[in-house]
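Summary of structural features
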There are 2 protein chains.
Amino acid sequence: MANEQEIRAQIAGLEAELAALKAQLPPPVSPLAPESGFPDLPVIDGVRFSTAAAAVKYAGRPDVMLAEIAPGAQVAAVFTRSTTRAAPVLRCEESLAKHVDNPDDRSGFAILVNSGNANAFTGGRGFESVDALRDRVGAELSIAPEHVFTSSTGVIGEPLPHGRIADKVAELAAGLDAGGAADAARAIMTTDTFAKGATASVDLGGTVQIAGFAKGSGMIAPDMATMLAYIFTDARIAQNVLQQVLWLENAGSFNCITVDSDTSTSDTLILAATGRAKMEPITDFADPRVRAFRLALRRVMDDLSQQVARDGEGATKLIEVRVTGANADGPAHRIAMAIANSPLVKTAVAGEDPNWGRVVMAIGKAGERADRDRISIRFGDILVAENGWVSAEYTEAAGAAYMKNDHIVIAVDIGLDNGKATVWTCDLTHQYITINADYRS
Amino acid sequence: MANEQEIRAQIAGLEAELAALKAQLPPPVSPLAPESGFPDLPVIDGVRFSTAAAAVKYAGRPDVMLAEIAPGAQVAAVFTRSTTRAAPVLRCEESLAKHVDNPDDRSGFAILVNSGNANAFTGGRGFESVDALRDRVGAELSIAPEHVFTSSTGVIGEPLPHGRIADKVAELAAGLDAGGAADAARAIMTTDTFAKGATASVDLGGTVQIAGFAKGSGMIAPDMATMLAYIFTDARIAQNVLQQVLWLENAGSFNCITVDSDTSTSDTLILAATGRAKMEPITDFADPRVRAFRLALRRVMDDLSQQVARDGEGATKLIEVRVTGANADGPAHRIAMAIANSPLVKTAVAGEDPNWGRVVMAIGKAGERADRDRISIRFGDILVAENGWVSAEYTEAAGAAYMKNDHIVIAVDIGLDNGKATVWTCDLTHQYITINADYRS
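Residues numbered from 1 in each chain as written. Chains lettered and ligands numbered in written order. Predicted model: local features only at pLDDT ≥ 70, side-chain atom pairs only at ≥ 80, totals over all residues.

Remarks on the overall build of chain A
- Scanning chain A from terminus to terminus reveals 13 helices and 15 strands.
- Over its C-alpha atoms chain A spans a radius of gyration of 23 Å, differing by no more than 12% from the 22 Å that the globule rule assigns to 441 residues.
- Evaluated residue by residue, chain A yields a buried proportion of 57% over its 441 residues.
- Considering only residue pairs separated by 6 or more positions, chain A has 82% of its internal contacts joining residues 24 or more positions apart. (Helix = DSSP H or I, 4+ residues; strand = E, 2+ residues; numbered from the N terminus. Rg over C-alpha atoms; globule rule 2.2 N^0.38 Å. Buried ≥ 20, exposed ≤ 12 C-beta atoms within 10 Å, placed from the backbone. Contact = placed C-beta atoms within 7 Å.)

What about the sheet that holds strand S10 (residues 318-326) of chain B?
Residues and elements named next belong to chain B.
- With respect to topology, six strands assemble into an open sheet ordered S13-S12-S11-S14-S10-S15, the strand pairing being mixed. A single partner strand is all that each edge strand has here, and the edge strands are strand S13 (389-390) and strand S15 (419-426).
- In terms of strand pairing, strand S11 (residues 376-379) meets strand S14 (residues 407-413) through four bridges, oriented antiparallel. Bridge pairing in S14 places Ile377 opposite Val412.
- Contacting S10 and S15, helix H8 (residues 289-310) runs over the sheet at an angle of about 50 degrees to S15. (Pairing = 2+ DSSP bridges. Axes fitted to C-alpha atoms, helices over the stretch in contact; angles between N-to-C directions.)

With respect to the nonpolar core
- In terms of nonpolar packing, the biggest core is built from 272 residues, with Ile339 of chain A together with Ile339 of chain B touching the most fellow members.
- Excluding residues within four positions of it along the chain, Ile339 of chain B makes contact with Val321, Val345, Val359, Ala362, Ile363 and Ile410 of chain B. (Core = buried A, V, L, I, M, F, W, Y, C linked by C-beta atoms within 7 Å.)

Focus on the interface of chain A and chain B
- Between chain A and chain B, the residue contacts involve 66 residues of the former and 66 residues of the latter.
- Of all the secondary structure elements, the ones that give two or more residues to the side of chain A that touches chain B are helix H1 (2-23), helix H3 (123-141), helix H10 (343-350), helix H11 (356-365), strand S13 (389-390) and helix H13 (430-436) of chain A.
- Broken down by element, the residue count for the side of chain A that touches chain B peaks at 10 residues, all from H1 of chain A.
- Residues belonging to the side of chain A that touches chain B are distributed by class as follows: 27 nonpolar, 24 polar and 15 charged. (Nonpolar A, V, L, I, M, F, W, Y, C, P; charged D, E, K, R; others polar.)

Notes on the relation of the copies chain A and chain B
- The operation relating chain A to chain B is a screw motion whose rotation component is 180 degrees, with 0.0 Å of axial translation and a residual RMSD of 0.1 Å. Here the symmetry operator amounts to a two-fold rotation axis. If distances are taken from each C-alpha of chain A to the rotation axis, the shortest is found for His430 of chain A, at 2.8 Å. (Least-squares fit on C-alpha atoms with pLDDT ≥ 70 in both.)

Here we look at the sheet that holds strand S1 (residues 47-52) of chain B
Residues and elements named next belong to chain B.
- Taking strand neighbours across the sheet as the criterion, the four strands line up as S1-S2-S4-S5 in an open arrangement whose pairing is mixed. Each end of this open sheet is capped by a strand with a single partner; those strands are S1 and strand S5 (148-155). Recorded for the sheet is a direction-independent mean angle of 15 degrees between the axes of neighbouring strands.
- Relative to S5, strand S4 (residues 109-117) runs parallel, the two being bridged by eight bridges. Pairing of Asn114 across the sheet is with Ser152, part of S5.
- The strands that helix H3 (residues 123-141) touches are strand S2 (64-69), S4 and S5; relative to S5, the one it contacts most, it runs at about 135 degrees.

Notes on the domain arrangement of chain A
All names here are of chain A.
- When cut into domains, chain A gives domain 1 (47-310) and domain 2 (318-436).
- Taking only C-alpha atoms into account, the centre of domain 1 sits 33 Å from that of domain 2.
- Listed per partner, the contact involves 10 residues of domain 1 and 11 residues of domain 2.
- A class-by-class count of the residues in the side of domain 1 that touches domain 2 yields four nonpolar, five polar and one charged. (Domains from an automatic or database assignment.)

A look at the packing of helix H10 (residues 343-350) of chain B against helix H11 (residues 356-365) of chain B
Residue and element names in this part refer to chain B.
- Two numbers describe how H10 lies on H11: the axes approach to 9 Å, and their chain directions differ by 160 degrees. The angle between the axes of H10 and H11 places the two elements in the roughly antiparallel class. Handedness of the H10/H11 crossing: left-handed. Across the interface between the two elements, Leu344, Val345 and Ala348 of H10 pack against Arg358, Val359, Met361 and Ala362 of H11.
- Its residues placed into classes, the contact of H10 with H11 shows six nonpolar, no polar and one charged. (Parallel < 35°, antiparallel > 145°, perpendicular 65-115°, else oblique. Left-handed = near helix turned anticlockwise from the far one by under 90°.)

Observations concerning the environment of Thr207 of chain B
All names here are of chain B.
- With respect to the helices, strands and loops of the structure, Thr207 is situated in strand S7 (residues 207-215).
- When the 13 C-beta atoms within 10 Å are taken as the criterion, Thr207 is described as partly exposed.
- Each residue touching Thr207, except ones within four places of it in the same chain, is listed here: Ser201 and Ala277.

Quick look at the confidence of the model for chain A
- The pLDDT averaged across chain A works out to 89; a share of 97% of its residues lies at or above 70.
- If you check the scores for this complex, the pTM reads 0.84 and the ipTM reads 0.80. (pLDDT = per-residue confidence, 0-100.)

Regarding the pairing of S1 of chain B
All names here are of chain B.
- Among the six residues of S1, six are classified as buried, and the element is accordingly described as predominantly covered.
- Burial along S1 is two-sided: Val47, Phe49 and Thr51 and Arg48, Ser50 and Ala52, pointing in opposite directions, are all buried.
- Judged from the six bridges that link them, S1 and S2 form a sheet pairing that is antiparallel. Pairing of Ala52 across the sheet is with Val64, part of S2.

Regarding the pairing of strand S11 (residues 376-379) of chain A
Residue and element names in this part refer to chain A.
- Pairing geometry for S11 and strand S12 (residues 382-386), over three bridges, is antiparallel. Looking at S12, one finds that Arg378 is bridged to Leu383.
- Counting the residues that bridge the hairpin from S11 to S12 gives two residues, and of these Gly380 lies at a positive phi of roughly 60 degrees.

Re H8 of chain B
- The terminal C-alpha atoms of H8 of chain B, which comprises 22 residues, lie 32 Å apart, in line with the 32 Å expected from a rise of 1.5 Å per residue.
- Turning to H8 of chain B, the residues buried within the fold contact strand S6 (196-203), S7, strand S8 (228-233), helix H7 (239-252), S10 and S15 of chain B. (Expected span 1.5 Å × (residues − 1).)

Side note on unusual backbone geometry
Residues and elements named next belong to chain A.
- At Phe121, a residue that is not glycine, the phi angle is positive and equals roughly 55 degrees.
- Assignment of secondary structure puts Phe121 in the loop between strand S4 (109-117) and H3.
- When the 29 C-beta atoms within 10 Å are taken as the criterion, Phe121 is described as buried.
- Notably, Ser142 is not glycine yet its phi reads approximately 55 degrees, a positive angle.
- By the secondary structure assignment, Ser142 is in the loop between H3 and strand S5 (148-155).

Thoughts on the environment of Ile433 of chain A
- Note on placement: Ile433 of chain A falls in helix H13.
- With 26 C-beta atoms counted inside 10 Å, the residue Ile433 of chain A sits in the buried group.
- Taking the C-alpha atoms as reference, Ile433 of chain A lies 25 Å from Lys365 of chain A; in sequence the two are 68 residues apart.
- Ignoring any residue separated from it by four or fewer positions in sequence, one finds Ile433 of chain A in contact with Thr347, Ala350, Leu428, Thr429, His430 and Ile433 of chain B.

As for helix H2 (residues 87-101) of chain A
All names here are of chain A.
- Compared with an ideal rise of 1.5 Å per residue, which puts 15 residues at 21 Å, H2 spans 22 Å between its outermost C-alpha atoms and is within 8% of the ideal.
- Those residues of H2 that fall on the buried side of the exposure criterion are Ala87, Pro88, Val89, Arg91, Cys92, Ser95, Leu96 and His99.
- Against the buried residues of H2 lie strand S3 (74-79), H3, S5, helix H7 (239-252) and strand S9 (268-273).

Thoughts on the packing of H7 of chain A against helix H8 (residues 289-310) of chain A
Residues and elements named next belong to chain A.
- Between H7 and H8, the least distance of the axes is 10 Å, while the angle of their chain directions is 50 degrees. Classified by the angle their axes make, H7 and H8 are oblique. Considering how the two elements wind past one another, H7 and H8 form a crossing that is right-handed. For the pair H7 and H8, the contacting residues are Val241, Val245, Leu248, Glu249 and Asn250 in the first and Val290, Phe293, Arg294, Leu297, Arg298 and Met301 in the second.
- When grouped by side-chain class, the residues that make up the contact of H7 with H8 number seven nonpolar, one polar and three charged.

Here is the structure:
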């Protein structure tokens, strides 16, 4: 078949030409990035940021950020539940436990984060790296080493060249700036195509500001916190209340996104409250102002977590999966995740194919109670299926037109009880393969 | 940035040229297809096959197969556990239950299978289609309609145009041929790139033949049986023994493969034993010959199930994940599946990247007991990681060279106890996206 060989040779030539052309283009930005760009984050009284280029892995760009949190602050955090979590996460857990036990220790905190290397599965050497960096930052900022939270994100299994970061700590300390949050958000990016920030303010008998940023694009299926996210507020609030609020709001925000069903070894979410706002302190979860604080914090957390889904590797569409009518909220969450993690659902959305049969398949594999004849499925407002079959009013043309949107809502009612959950994900495209079949080279 | 626009225009032109060239090529066959092609299946005394082109969805190719199983046979089967399983599966379950209750009913059986339409989530109309076909085949072959097992594979949610199949039943009956298994295997293919067959023989006091075929390429994460597989033997064996043997061997074969973590609504595995072999009948599971029969059957089931993994949509590499040292077999299986279903592990293999850090990540997310410092990881015979870190003897060059193979073994020892499991999957490539972002058009 000489003709076939000729065609294959032509294809190989064209593909080489294409690759050369694509290499000349600037790095792509997710088409789902917020059109308004990175938000104008307010200064949080008591927090300063700094960045440096330590060449941990990436050359010629800032890859380390330092946040200094002034004395008087409280810190809350949640971390990945991975059984192979990274050394920095394990040390952060120890620090948090100490802080919980000593909430009246009013000395300051710091957060040091590098991109390019996760310091995960690096044996005893992983702890040595973390300890060296904590000691160095603690000495520079005159705080206890255990008050330095560190995170690392990037390749797993390679030793962290922590000396390169330690060498930059003096420079980082000298550069601390209350307005440095946007640069800090950029310094911690890996395969992210845009920096992710969010802010809210709330009146708690005095105006309180909340500002945060996050990174994450792949290995996203948080099982407690997610990737890396740092949120700061000037609220005056006790540690035990702060921790409880963070845990509760995390369950409905970061724990409800998935890009690829893969859970990171490094997921870390830290919330620091400086206590500088002019307000009476909140010392009890029953304080009526907790609800207002939770709502404001949740706006920031929803915004950040959905930005992570929008920057899912290769994403061209944001997918919101709403499940109602399950026999409880837990089953609803698991059904929603089965749909959101289905490669066949995600590729159908990428292909703008209203292939609701794949949604049926994903419900069926979730392992939760469901009765085929009670399920209804909607794409946006369009009723697609009910009573065990396609809806009489559904037309393929209407479904296909809806799939052109870049925010797709898949709404499933199981028809059994009141359990409900909403999760966010993105479509699965060629670009995900391109990014991940060539990550380390 | 006029230059960027020019480059993008050139890229668009080249991509159109490429698409036109690729359309001229013959449909690709998986590079992992057995080099020996479809095996020479022995005739199973008492079974005849036939195929027809009914244009259920595909035009110009056989898309229906009929297998006739002579009086005196016993049938065993396992089916998907999906809660949204298809009408043919539900009817097959009823038929099997009746057969189990009446093992002395020695009238014959038939199996009718179509490709192109799964008759799943088609409401009451789905049962009407199955019943019409069972009646038609039963009348033509003079057997009870409940003795006709039907399967349907293809798009979910569209009504099965069963009239087109019913119109071919007389032609199918007229064409029945003991040597027709290879054509039958081809007729039930959907996105499969090659037909899958396997055979074994065993001495049970008389030579017994086993021959079977399967289809499956995507939506592969069987949770009991898998996609469609039909195995025939002339063994003389009681139904209760046959069913128990099938169930046991299924657990270690079809239930240990995954292409994309998506479980089909139609998974069906049927084993028919015609009893025509010259041997004393097996009537008890304690019969010492059961072990020999199981081993032979397992060879056929392993062969077929691994062929399904080899034909995973877009597959370029077969991945074998061996987990040992877990605290029990169940946890070992779940850890192996977490690795086998990880998009990040699968894309790394596609990119020939020995990215063992992603294996660590997948172990960590499995939700099973694991201690980072006791885990060891091998790629083939190469010790990659142990004692919580990269092995002293490991070199990236050795790992990269190993990844060039088209059969990749990822061996993980958890270091806790004796639990073990092996599962098979394939890599995740651009071709999976291409196939599934454009399935229905």
